[in-house]
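Residue-level structural notes
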Amino acid sequence: MDTYQWLCLLGVPSMLAGLFLFVKKQLERARKETACIKSGVQALLRAEMISEWNKYKEKGYAPLYAKESFENLWKQYHALGANGVMDSIHKEFLMLSDKPPQARNSNSSIPSESMKGEKSD
């Protein structure tokens, strides 16, 4: 065997092994980056849901548009592999009333202003 044959015999497998290791390293790096991005998005979704929960819990109600938005956030969070941390907050948020406390109490037995001024004999 001459030098050219030895180089071909050793060079081609070495190049293929090097290429394989390079691709493997790139895939591992891409997987790590994807996992980091996934964790970051999950953290942002969780922070937004907690913020919305605190905001509307303090108000005592959540309008339908807020509930729909919260539901969308929760679905995306859950699709990323949620660990159940937000499940109880999700259920409680959806149980909030759709109307403000004043609107819920407007049908109570409090006399209106026009009736207050009238005197009964």
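Structural notes on the overall build of the protein chain
Counting its secondary structure elements, the protein chain contains 5 helices and 0 strands. Helices (α) and strands (β) of the protein chain occur, in sequence order from the N terminus, as α-α-α-α-α. With 121 residues in all, the protein chain has 17% of them scored as buried. Within the protein chain, contacts between residues separated by at least 24 positions form 71% of all contacts whose residues are at least 6 apart in sequence. Carbon and sulfur atoms make up 60% of the accessible area of the protein chain, which totals about 9,700 Å².

Quick notes on the nonpolar core
Within the largest apolar cluster, 15 residues are counted, with the highest numbers of intra-cluster contacts made by Met49, Tyr56, Tyr77, Met86, Phe93 and Leu96. With residues up to four places along the chain from it excluded, the contact list for leucine 96 reads Trp53, Tyr56, Lys57, Tyr61, Ala62 and Lys67.

Describing the packing of helix H1 (residues 3-59) against helix H3 (residues 87-95)
Here H1 crosses H3 at 35°, and the two axes come no closer than 11 Å. Between H1 and H3 the crossing geometry is left-handed. Of H3, the residues touching H1 (which contributes Ile50, Glu52, Trp53 and Tyr56) are Ile89, Glu92 and Phe93. Split into classes, the residues belonging to the contact of H1 with H3 amount to 5 nonpolar, no polar and 2 charged.

Side note on the environment of leucine 44
Tracing the backbone shows leucine 44 in helix H1. Since its relative accessible area comes to 62%, leucine 44 is described here as exposed. For the pair leucine 44 and tyrosine 77, spaced 33 residues apart in sequence, the C-alpha to C-alpha distance is 9.2 Å.

What to know about the side chain of glutamate 52
Looking at where glutamate 52 falls in the secondary structure, it is placed in helix H1. Sequence-distant contacts of glutamate 52, defined by excluding residues within four places in its chain, comprise Phe70 and Phe93.

Some points on the packing of aromatic side chains
Enumeration over the complete set of coordinates arrives at 3 aromatic pairs. Pairing tyrosine 56 with phenylalanine 93 gives two aromatic rings, centres 6.0 Å apart and planes at 80°, and the pair type is edge-to-face. With a gap of 37 residues between them, tyrosine 56 in helix H1 and phenylalanine 93 in helix H3 connect regions that are remote in the sequence. The class for tyrosine 56 is buried, based on a relative accessible area of 3%. When its relative accessible area of 0% is taken as the criterion, phenylalanine 93 is described as buried. Through pairs of rings, three or more aromatic residues link up here, namely Trp53, Tyr56, Phe70 and Phe93.

About the cut-offs
- Residues numbered from 1 in each chain as written.
- Predicted model: local features only at pLDDT ≥ 70, side-chain atom pairs only at ≥ 80, totals over all residues.
- Heavy atoms only, no water.
- Helix = DSSP H or I, 4+ residues; strand = E, 2+ residues; numbered from the N terminus.
- Buried < 20%, exposed > 50% of the residue type's maximum accessible area, 1.4 Å probe, protein only.
- Contact = heavy atoms within 4.5 Å.
- Areas by Shrake-Rupley, 256 points an atom, 1.4 Å probe, with all protein chains shown as cover.
- Core = buried A, V, L, I, M, F, W, Y, C linked by side-chain atoms within 4.5 Å.
- Axes fitted to C-alpha atoms, helices over the stretch in contact; angles between N-to-C directions.
- Left-handed = near helix turned anticlockwise from the far one by under 90°.
- Nonpolar A, V, L, I, M, F, W, Y, C, P; charged D, E, K, R; others polar.
- Phe/Tyr/Trp six-rings, centres within 6.5 Å; stacked < 30°, edge-to-face > 60°.

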